[in-house]
Amino acid sequence: MSEAADVGSDAGSERSIHQRGLWFDELEVGVRYVHTPGRTATEADNVLFTTLTMNPQALHLDAAFSATQPFGRTLMNSFWTLATMVGLSVAQLTQGTLVAQLGLREVRFPNPLFVGDTITAETVVIDARLSRSRPGQGVATMRHTARNEQGRIVAIAERSALMWCRPHAPEADGGARA
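Residues numbered from 1 in each chain as written. Predicted model: local features only at pLDDT ≥ 70, side-chain atom pairs only at ≥ 80, totals over all residues. Heavy atoms only, no water.

Some words on a nonpolar patch on the surface
There is a patch of nonpolar side chains on the surface, built from L104, V107 and F109 and spanning about 220 Å² of accessible area. By the secondary structure assignment, L104 is in strand β4 (residues 98–108). (Patch = residues over 30% accessible without salt bridge, like charges linked within 9 Å, V, L, I, M, F, W, Y side chains within 5 Å. Areas by Shrake-Rupley, 256 points an atom, 1.4 Å probe, with all protein chains shown as cover. Salt bridge = Lys/Arg side-chain N within 4 Å of Asp/Glu carboxyl O. Helix = DSSP H or I, 4+ residues; strand = E, 2+ residues; numbered from the N terminus.)

This is the structure we're talking about:
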């Protein structure tokens, strides 16, 4: 886990801790990062996300219709599942250290997620290389996996992200010591 910045106040009598993700050079290939807490999916999440994204799919909005379909109940929007899975990793991995999202691939939803299920996530860094064209930045490829409360995998995706390397000057990151 990253160390937070220790920044003295003007008076020098108190410390401030600033949460951040990991710098590119703090990521470890092959390490499993477990993200907590999880997130319980609600009907409000499903209806809001589905309508905000202009998705009229009855499987997400119509409980009576969904009851007649193979899963027998309303499905959570799979893009909500994807976004939440990635979002659960942000505080631990990329908060304040991400330059840009580069892409997603191999996105799969092997099991459904339903209203009331709790989604948890973990990330394995599967590749990391310094950027050839952007000094001070690196490209990290991560495999995110989300599970429901029974441990069933509900989403998997590989994500490539451009991330900042650790600043070399102490003042560049507010005096962080790591």
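Read on for the rest.
Some details on helix α4 (residues 78–93)
The end-to-end C-alpha distance of α4 is 23 Å, a good match for the 22 Å that 16 residues give at a rise of 1.5 Å each. Of the positions making up α4, those classed as buried are W80, T81, L82, T84, M85, V86, L88, S89, Q92 and L93. Where α4 is buried, its residues touch β3 (32–40), α1 (43–52), β4, β5 (118–130), β6 (137–147) and β7 (153–164). The residue sitting at the N-terminus of α4 and contributing the capping side-chain oxygen is N77; that oxygen lies 2.8 Å from the backbone nitrogen of F79. (Expected span 1.5 Å × (residues − 1). Buried < 20%, exposed > 50% of the residue type's maximum accessible area, 1.4 Å probe, protein only. Contact = heavy atoms within 4.5 Å. Polar contact = N/O pair within 3.5 Å; in protein donor to acceptor, adjacent residues only side chain to side chain.)

Notes on the packing of aromatic side chains
In total, this model carries one aromatic pair according to the counting rule given. The ring of F114 has R73 lying over it, and the distance from NZ or CZ to the ring centre is 3.6 Å. (Phe/Tyr/Trp six-rings, centres within 6.5 Å; stacked < 30°, edge-to-face > 60°. Lys NZ or Arg CZ within 6 Å of the ring centre and 35° of its normal.)

Points about the sheet that holds β3
The strand order β3-β5-β6-β7-β4 describes an open sheet built from five strands, whose pairing is antiparallel. Of all strands in the sheet, those bounded by a partner on one side alone are β3 and β4. If you compare each strand with its neighbour and ignore which way they point, the axes differ by 25 degrees on average. Direction of pairing for β5 relative to β6: antiparallel, over a ladder of 10 bridges. When the sheet's bridge partners are listed, A128 is paired in β6 with A140. Here α4 sits on the sheet in contact with β3, β4, β5, β6 and β7, set at roughly 125 degrees to β3. (Pairing = 2+ DSSP bridges. Axes fitted to C-alpha atoms, helices over the stretch in contact; angles between N-to-C directions.)

Honestly, that's just the spatial picture; any functional story needs more than this.
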